Amino acid sequence: MTLIFENRYALGPNETKNLDTKGLRDNFLIENLFQPGKISFTYSHYDRFMVGGCQPINTAITLETIDELLKMPNFLDRREMGIFNIGGNGKISVDGEEFEIAFKDALYIGKGAKSVQFSSVDPSSPAKFYLNSTPAHQSFPTRKVTKQEANQIRLGTVENANKRTINQILLHKNIDTCQLQMGLTELDLGSVWNTMPVHTHDRRMEAYLYFELDPSQAVSHFMGTIEETRHIWVKNEEAVLSPPWSIHSGAGTSNYSFIWGMAGENLDYDDMDKYEISAIK
């Protein structure tokens, strides 16, 4: 079996604040995303956002539908998908059209695509495709976007240990999507804080994939309401679901990168409710 999936229901802030460490991890942390020769998905009931990983080795992996969740002949009959490669060079075939996807390149696939296949150029250095998928009511063309084509924003300071580059890649400024937006944030050497000062955006949810983190290091990801925060320790190439009502920020024991994906009410990247650091509890 090449496809593995998990179904997770949504929790509100009142239920979440009573969870212990295991409960937080079981509901919000996504582990073992990249399994050799397999594709895995976590289906979240926050905006029906799906987080997945695909690591082809010697043979191509076909994106198959999940009848228990989607009830459609093809995975993308009523969905769109954003894909980032965080491994070796790879290829993605969409309805017979092949795209070469290098490290930190991205591909958007619009609603209605029938056949999608993932492969690695070199099995000794396999691709690792990170997948986000959301419901779509309109079809837009499949398009590759490289990191060099991103809209880049420099934020933070060395003094506050949060100097970073935000690469807006699969964003409405660059590409047409229905509701999915994705990008890549890279922290400078010596910086550890992301998304600080913190914010929420109750009109959409978000997911983070942390990577480029040494296996001996970790990121403490903060979530919860501004008045009652919680934390989850995250390792390299693990993802975290962020509910619409929750803050989402992290501090690492070293610098790292993360891919963010959002979906929900609108496409306004700056639609957020910001909080002063002094307000965090």
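Residues numbered from 1 in each chain as written. Predicted model: local features only at pLDDT ≥ 70, side-chain atom pairs only at ≥ 80, totals over all residues. Heavy atoms only, no water.

1. Overview of helix H2 (residues 21–28)
Within H2 the residues assigned to the buried category are Gly-23, Leu-24 and Phe-28. Buried positions in H2, seen along its axis, are confined to an arc of 100° and lie on one side of it. Of the exposed residues in H2, those oriented more than 90 degrees away from the buried face are Thr-21 and Lys-22. Close packing links the buried residues of H2 with strand E1 (3–8), helix H1 (13–16), strand E2 (29–30), strand E19 (219–225), strand E20 (228–234) and strand E21 (238–242). Two or three places before Lys-22, at the opening of H2, Asp-20 has a side-chain oxygen 3.3 Å from that residue's backbone nitrogen. (Buried < 20%, exposed > 50% of the residue type's maximum accessible area, 1.4 Å probe, protein only. Helix = DSSP H or I, 4+ residues; strand = E, 2+ residues; numbered from the N terminus. Arc of directions from axis to C-beta. Contact = heavy atoms within 4.5 Å. Polar contact = N/O pair within 3.5 Å; in protein donor to acceptor, adjacent residues only side chain to side chain.)

2. Comments concerning the sheet that holds strand E15 (residues 181–187)
Here seven strands make up an open sheet; going across it, the order is E2-E21-E18-E23-E15-E14-E13 and the pairing antiparallel. The open sheet has two edge strands with one neighbour each: E2 and strand E13 (151–155). For strand E14 (residues 164–170) and E15, the ladder comprises six bridges, and the chain directions are antiparallel. Residue pairing for E15: Ile-166 is matched across the bridge by Thr-185. (Pairing = 2+ DSSP bridges.)

3. Structural notes on the pattern of salt bridges
Scanning the entire structure with this criterion turns up 14 salt bridges. The closest approach of N and O atoms between Asp-77 and Lys-114, which form a salt bridge, is 3.1 Å. Placement of the pair is Asp-77 in the loop between helix H3 (67–70) and strand E6 (79–85) and Lys-114 in the loop between strand E9 (106–109) and strand E10 (116–120), with a sequence separation of 37 residues. Residue Lys-114 is classed as partly exposed on the basis of its relative accessible area, which comes to 49%. The residue Lys-147 makes a salt bridge to Glu-186 at a minimum N-O spacing of 2.7 Å. (Salt bridge = Lys/Arg side-chain N within 4 Å of Asp/Glu carboxyl O.)

All we've got here are geometric facts, nothing functional implied.
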